[in-house]
Amino acid sequence: MTSAPPTPTEAAIDSIQRSLSELCVTDEHQRRFYFDNPRRFCSFASRLQVILQQLLRSSPSPESLPAAALTALKGIAADLTQAADTASLYLKRSKIFVLVNCRSLCDTLQERTLAIAAWLALLDSAIHDLPDLRKKISDLSRDMKQVQFIVTDNEERVHCTLQKEGQGRRTSKAVQSAIIMDLARALGIDSNNHTELSEQVKLFKDDLTRSNSLPERRILVSLERILSNWSVQPDIVTPEMEFDSEDDAAQISPFKNFLCPLTKEVMKDPVVLESSQNYERTAIEYWFERCIEDARDPTCPVTGEVLKSLELKPNIGLAGAIEEWISRNIEIQIKTAVQCLSEEPVAVEYLERILDSVYKVSEDYPSSRYRLRNAGIVYLVVKLLRNSSKCIGSHLRSKALMALHSMARDEESKKIMLEEGITRLTIHGLIGSSEREREYAVKLLLEFSSDEACCIRIASEKGALVLLSSMAGNLEHPSLSNLAEAVLKQMERVEENVQLLAAAGRFEPLLSSLCEGSDDVKIEMASIVGRMTLTNSSKEQIARQSSKILVKLLSKPEGRAPSLQALYNLSGFDDNATILVDAAVLPALIDILFENQDDYPDLKELAASTIANIVSNPGHWELASIDKKGHSMQSESFIFSLLEVLPAAPVQCQAPILHILYGIASSPQASESVTSHVKSGEGIKTIISFLEHPEVEHRLYAFRLTRVLSERFGHDLANELRPNKLPLLKDKLLDSQSTEGERSDAACILANLSLSEDEVKTLLGATFVRWTVTTLKNQSRSSNVRTSRPVSSMVEGLLGLLLHFTRSPDSQTISIVKEHHLMTIFCGQLGFSSKPRVKQLAALGLKNLSECGRSLASGDSEPPPPQGLCSPFVFMCGRASKNPSSCPIHNAACEEDSQLCLYKSNCIKPLVDLLADEDTDVQIAAVEALSTLVLDNSNSFNRVVVELEQQGVVDALITLFTEVRPGELQERAIWMIERVLRVESLSQRLGLNQSLVRALVEAFKHGSANAKRNAQAALTSLKQISAVSGKASSQARSRK
């Protein structure tokens, strides 16, 4: 049988007894409570246990107790359980955890004790016949009401400090030491017992594995950091060396009272508090500031005593003893360092400690730097860097530089370093393998740069400014960058360093002098700019800030040459053209160029070369005024002036003038007017005279300019070149010794000339065609890689030359076309994506060959039989066959490699692809080539159109037409569409294409006369089938 569940009263009594068994411990067990509050509460629990036992003995059963007594017992059970849980935290958790939560734990015990006291008062009032028990209950209730659980002052201070540390604020070493002392005192541990302190922190860390409190975790991190710093023992004793030293026995360790309890270092300014404890002045001041900041009474960190006064009395006697100890030990360290550094070879294994010792003496005791200097240590460290730099490694080099940097604050030591060549050694440290070596090298240079003479010496060292500039711009290491920038700022103060700084990319001093200096200084700075080799970004920076100043210097005779050279240098960057034009450089340069004085040909050459650089690319210069009358670079007067001065100009000026003419003639905005002015000024004859000039640069720009002229005036140019100069172009093209630029320009010129059929045959001929085709194939093999301008121009010129052979349909030309597969050559060039002109020429070549084939077919054939038009034309498309035709275009059995049939040569699809090209001229050429397929109105026309539809020509053409704007391309596209719509089956399908109908209507409304006529015809064809007008035409009805 199962026992009956306990009644509520029994459960309450059992709970009280369990809680009391935990709290009512023996005296020995009670001593485990380190804190006083849980011990006091346990004493109350012991008295409560006696009362409960007597109460239970006095009653036959708990249920027979008065109702008020039962209520009191239930209340005591609940509150006692909470109090027992709180008291157990004092015992089970770490002491640091209790200190962090001491307020909340104390408050909980206080609240539960008062609650239990109230329940005891209720129990007292419910019992009437047990006076002895009532007195015990009354006394316990009274004592529990009067008790005050408190947090001690020391616990309160530690609690506040830990809470502040949990906020993550930074603390000095002195404050950290005081915190450790306070914590150790609260824990009852010696502050020097690092092991016990670490164990307490570890226990606290274990407690937090069950806690999600972020502040508590921050306190743990802070304590771990502080304890780690506290455990580090500073090096306060002269290091012992393993090599023999006569002063080893004389080394003196500091007395304990020499050390500050907070810093653990030898005190420099010892002071004594009212607690009779000595501290380093700065360390104890930090602690006082922290106490005031935390709104707590300042205490003595060692004793924990609250101080009534913050007076810090200097301990003169202790300070004297410390100074005597320091002096003796410095002497020992200096002698040891001299002995080690003087050895040959140097004892590398001791070197780091020696250098650290030297640095510490110099840094901690500045007044002793003279002793280091007088002992020769400055010279020995410099000698170490000079003679043993490679064998000691980067780490020891950084230590040596660090020691020198500290000793360099002594002026006499600095002089010794400079005399021994420390600047060069330090600059070598700028390329050290470790960041620390580079850092101290820059710091040492910064120390030297406070002197002007030192600045000049540093700047004169090879590579110094370049390395510093590179460091200053390297943001991956901001500290190094800032140090290098500071050194360079010091360098910039010295006028003698301006040119060297500019060479290293630091143009601020140069630009400042150029813009704000006297005329002599400006001229000198301009001369520097003219001589320097500059990057493009540097050219842009200088041009933006100084171009107007340089232009003004052109008006001064003594400043003309240097400013011209500077402007020429800056104009070498294309993007500077706009900057220079805005600075009004063109009128000044043109005045110099057209001056009548012949004494300064070099200045004229510089002026012309600068203008040539500016006009090399299209831009702002086309609209700029070049004189007071408002003439522009493309004006007739300027072009005539150039043509007039060109023949008589000094030889070195002629090439730049030709360059100018070529530059302005190449501009899309100015080309038409400039080439017209050249032609009207009889400049063609002048320019072609330079095609045979002995100087390469003259010929180069003469050929380029002639090529531009040939694109607009091919007929006039041909007349000027006849008869003697035409072979010159062919010879230049075939001359492998000439430059690629000359050869490609010669090819383009020949291609653009208007040559007669006889000239084509005699000048070019079959042999030349063979060479052209071979060269073109070789050029095309390299088209997969990025090609230069001469290579792409050569391809353009060679295709243009082949076009001459596609315009004459005689038997000799046809033989050349078929022999060299010209249609295949042209088709292969349609994919030359980097040069639209090449694609245009290739499409025109296909057009000419296709027209040639049709012309020969219509001229030589008999009336066509049903099989097709081309069947009798044997030599073109192959021998006629009695079988049904295999070529839908010619309606005959064309040869598979026919060079006059776009279909058989597989050229239709590449031409269709060109209809989507971005260049309008390419699209026009493609439409013209495809139009040759729909010229015929014979019985085979329907078959031709059907084949074109299958090849995708019709859809691509309609897509092009619906997107194109009015113009030549629209005219040619609509002409072809009108021809296609004559096929009834196709017009029926396309009649439903509303985009096509809308485009035709727009062309009919807004197009040119030819476009309107063809649009009307096309719409008529659509209406005959689709009845767009609402009624069918009579022709349509008759067919029904």
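**Student:** Tell me what's going on with the overall build of the protein chain, and back it up with residues and numbers.
**Tutor:** Along the backbone of the protein chain there are 53 helices and three strands. A total of 1040 residues make up the protein chain; the buried ones form 52% of that total. For the protein chain, restricting intrachain contacts to residue pairs at least 6 apart in sequence, the fraction spanning at least 24 positions comes to 68%. Accessible surface for the protein chain amounts to roughly 48,600 Å². Of this, 49% is attributable to carbon and sulfur atoms.

**Student:** Help me get a handle on the packing of aromatic side chains, residues and values and all.
**Tutor:** One pass over the structure, following the stated rule, counts six aromatic pairs. Consider the rings of Phe594 and Phe638, whose centres lie 6.0 Å apart with planes at 55°: the pair is tilted. Remark: Phe638 occurs in helix 31 (residues 636-648) and Phe594 occurs in the loop between helix 29 (585-593) and helix 30 (601-614); sequence separation between them is 44 residues. On the basis of relative accessible area, Phe594 is assigned to the partly exposed category, the value being 27%. Since its relative accessible area comes to 2%, Phe638 is described here as buried. Over the aromatic face of Phe713 sits the side chain of Lys679, whose NZ or CZ is 5.6 Å from the ring centroid.

**Student:** Talk me through the side chain of Gln923; I want residue IDs and the actual numbers.
**Tutor:** Tracing the backbone through its elements, the reader meets Gln923 in helix 46 (residues 920-931). Apart from residues lying up to four places away in sequence, Gln923 is in contact with Leu914, Leu915, Ala916, Asp917, Leu960 and Leu969.

**Student:** Describe the environment of Ile416, with residues and values.
**Tutor:** Position of Ile416 relative to the elements: it lies in helix 17 (residues 411-419). Residue classification places Ile416 among the partly exposed residues on the basis of a relative accessible area of 25%. As for Ile416 and Arg373, which are separated by 43 residues in sequence, their C-alpha atoms are 8.8 Å apart. Not counting chain neighbours up to four residues away, the residues in contact with Ile416 comprise Arg373 and Val378.

**Student:** Tell me about the environment of Leu911, and name the residues and values.
**Tutor:** Among the structural elements, Leu911 can be located in helix 45 (residues 908-914). The class for Leu911 is buried, based on a relative accessible area of 0%. Not counting chain neighbours up to four residues away, the residues in contact with Leu911 comprise Leu830, Ala843, Leu846, Leu902, Ala926, Ala929 and Leu930.

**Student:** Could you give an account of the confidence of the model for the protein chain, with specific residues and numbers?
**Tutor:** Mean pLDDT over the protein chain works out to 83, with 89% of the residues at or above the 70 mark. Within the protein chain, the element-level pLDDT minimum falls on helix 53 (residues 1034-1039), averaging 36, and the maximum on strand 1 (residues 270-272), averaging 94. Taken as a whole, residues 237-250 scores under 50 in pLDDT and shows 28 contacts with residues more than four places along the chain or in a different chain.

**Student:** Explain unusual backbone geometry residue by residue, including any values.
**Tutor:** Of note, the bond from Glu344 into Pro345 is cis; its omega dihedral lies within 30 degrees of zero at -10°. Looking at the secondary structure, you find Pro345 in the loop between helix 13 (316-342) and helix 14 (348-364). The phi torsion at Lys264 lies on the positive side, around 60°, for a residue other than glycine. Locating Lys264 in the fold gives a position in the loop between helix 11 (214-231) and strand 1. With phi around 55°, Glu682 is a residue other than glycine that occupies positive phi space. Tracing the chain through its elements places Glu682 in the loop between helix 33 (671-680) and helix 34 (683-688). Residue Glu682 is classed as exposed on the basis of its relative accessible area, which comes to 64%.

**Student:** Report on helix 51 (residues 994-1006), specifying residues and quantitative values.
**Tutor:** Here helix 51 is 13 residues long and its end C-alpha atoms lie 18 Å apart, about the 18 Å a rise of 1.5 Å per residue gives. For helix 51, the complete set of buried residues consists of Leu996, Val997, Ala999, Leu1000 and Ala1003. All buried residues of helix 51 project into a common sector of 165° when viewed along the axis, lining one side. Of the residues in helix 51, the exposed ones pointing more than 90 degrees away from the buried face are Arg998, Lys1005 and His1006. For helix 51, the capping residue at the N-terminal end is Asn993, with a side-chain oxygen 3.2 Å from the backbone nitrogen of Ser995.

**Student:** Give a detailed account of the nonpolar core, specifying residues and quantitative values.
**Tutor:** Residues Leu586, Met633 and Leu753 are the most contacted members of the largest nonpolar core, which totals 167 residues. With eight residues, the single largest contributor to this core is helix 32 (residues 651-666). Not counting residues up to four positions away in its chain, the partners in contact with Met633 are Leu586, Ile590, Ile611, Val615, Trp621, Ala624, Ile626, Phe638, Ile639 and Ile664. Core analysis: the second largest hydrophobic core is formed by 151 residues, Val175, Leu312, Leu372 and Leu488 among them.

**Student:** Describe the pattern of salt bridges, with residues and values.
**Tutor:** Per the counting criterion, the structure on display carries 54 salt bridges. Among the ionic pairs, Asp139 bridges to Lys135, the shortest N-O distance being 3.0 Å. Placement of both Asp139 and Lys135 in helix 7 (residues 131-146) is noted, with a separation of four residues, approximately one turn of the helix. Its relative accessible area of 19% is what places Asp139 among the buried residues. Residue class for Lys135 comes out exposed when judged on its relative accessible area of 53%. Linking Asp356 and Lys399 is a salt bridge whose minimum nitrogen-to-oxygen distance equals 3.0 Å. Placement of the pair is Asp356 in helix 14 and Lys399 in helix 16 (residues 377-407), with a sequence separation of 43 residues. Looking at Lys399, the relative accessible area reads 12%, which means it is buried. Among the ionic contacts, a cluster of salt bridges with common partners joins Arg47, Lys135, Asp139, Arg142 and Asp143.

**Student:** Describe the sheet that holds strand 2 (residues 278-280), listing the residues and the values that go with them.
**Tutor:** The three strands lie next to each other as 2-1-3, forming an open sheet whose pairing is antiparallel. Lying at the two open borders of the sheet, with one neighbouring strand each, are strand 2 and strand 3 (313-314). Relative to strand 3, strand 1 is paired through two bridges, and the arrangement is antiparallel. Note that in strand 3 the partner of Val271 across the bridge is Pro314. Against the sheet, helix 12 (residues 281-293) touches strand 1, strand 2 and strand 3, its axis set at about 90° to strand 2.

**Student:** How would you sum up the packing of helix 24 (residues 508-516) against helix 25 (residues 519-531)? Please name residues and give values.
**Tutor:** Between helix 24 and helix 25, the shortest axis-to-axis distance is 7 Å and the interhelical angle comes to 135°. Judged by the inter-axis angle, helix 24 sits oblique to helix 25. Crossing geometry of helix 24 relative to helix 25 is assigned as left-handed. For the pair formed by helix 24 and helix 25, the contact residues are Leu510, Ser513, Leu514 and Cys515 on the first element and Val521, Lys522, Met525, Ala526, Ile528 and Val529 on the second. Of the residues contributing to the contact of helix 24 with helix 25, the split by class is eight nonpolar, one polar and one charged.

**Student:** Break down the state of the cysteines for me, with residues and values.
**Tutor:** Going through the model one piece at a time under the given rule, you end up with zero disulfides. A disulfide-free cysteine, Cys455 has its sulfur positioned 7.1 Å from the sulfur of Cys454, the nearest such atom.

**Student:** Hey, could you go over helix 10 (residues 194-207) for me, with residue numbers and the actual values?
**Tutor:** With 14 residues, helix 10 extends 20 Å between its outermost C-alpha atoms, agreeing within 8% with the 20 Å of an ideal straight helix rising 1.5 Å per residue. For helix 10, every residue scored as buried is listed here: Leu197, Gln200, Val201, Phe204 and Asp207. One side of helix 10 holds all its buried residues, which, seen down the axis, span an arc of 110°. The elements touched by buried residues of helix 10 are helix 5 (95-100), helix 9 (173-187) and helix 11.

**Student:** Give me the lowdown on the packing of helix 16 against helix 17, citing residues and values where you can.
**Tutor:** Direction vectors running N to C along helix 16 and helix 17 enclose 155°, while the axes themselves pass 9 Å from each other. It follows that helix 16 is roughly antiparallel to helix 17 by the angle criterion. Side by side, helix 16 and helix 17 meet where Val378, Val382, Leu404 and Met407 of the first sit next to Ser413, Ile416 and Met417 of the second. Per-class residue counts for the contact of helix 16 with helix 17 are six nonpolar, one polar and no charged.

**Student:** Outline the side chain of Glu216, listing residues and values.
**Tutor:** Tracing the backbone shows Glu216 in helix 11. There is no salt bridge for the buried Glu216, and the closest opposite charge comes from Arg93, which lies 6.6 Å off by N-O distance. Residues contacting Glu216, with those up to four places away along its chain left out, are Phe97, Val100, Asn101, Phe204, Leu208 and Ser211.

**Student:** Residues and numbers for a negative patch on the surface, please.
**Tutor:** On the surface, Asp451, Glu452, Glu495, Glu496, Asp520, Glu524 and Glu558 cluster together to form a negatively charged patch. By the secondary structure assignment, Glu495 is in the loop between helix 22 (478-492) and helix 23 (498-503).

Basis of the calculations
Residues numbered from 1 in each chain as written. Predicted model: local features only at pLDDT ≥ 70, side-chain atom pairs only at ≥ 80, totals over all residues. Heavy atoms only, no water. Helix = DSSP H or I, 4+ residues; strand = E, 2+ residues; numbered from the N terminus. Buried < 20%, exposed > 50% of the residue type's maximum accessible area, 1.4 Å probe, protein only. Contact = heavy atoms within 4.5 Å. Areas by Shrake-Rupley, 256 points an atom, 1.4 Å probe, with all protein chains shown as cover. Phe/Tyr/Trp six-rings, centres within 6.5 Å; stacked < 30°, edge-to-face > 60°. Lys NZ or Arg CZ within 6 Å of the ring centre and 35° of its normal. pLDDT = per-residue confidence, 0-100. Expected span 1.5 Å × (residues − 1). Arc of directions from axis to C-beta. Polar contact = N/O pair within 3.5 Å; in protein donor to acceptor, adjacent residues only side chain to side chain. Core = buried A, V, L, I, M, F, W, Y, C linked by side-chain atoms within 4.5 Å. Salt bridge = Lys/Arg side-chain N within 4 Å of Asp/Glu carboxyl O. Pairing = 2+ DSSP bridges. Axes fitted to C-alpha atoms, helices over the stretch in contact; angles between N-to-C directions. Parallel < 35°, antiparallel > 145°, perpendicular 65-115°, else oblique. Left-handed = near helix turned anticlockwise from the far one by under 90°. Nonpolar A, V, L, I, M, F, W, Y, C, P; charged D, E, K, R; others polar. Disulfide = S-S within 2.5 Å. Lys, Arg positive; Asp, Glu negative; His and termini not counted. Patch = residues over 30% accessible without salt bridge, like charges linked within 9 Å, V, L, I, M, F, W, Y side chains within 5 Å. Charge placed at Lys NZ, Arg CZ, Asp CG, Glu CD.

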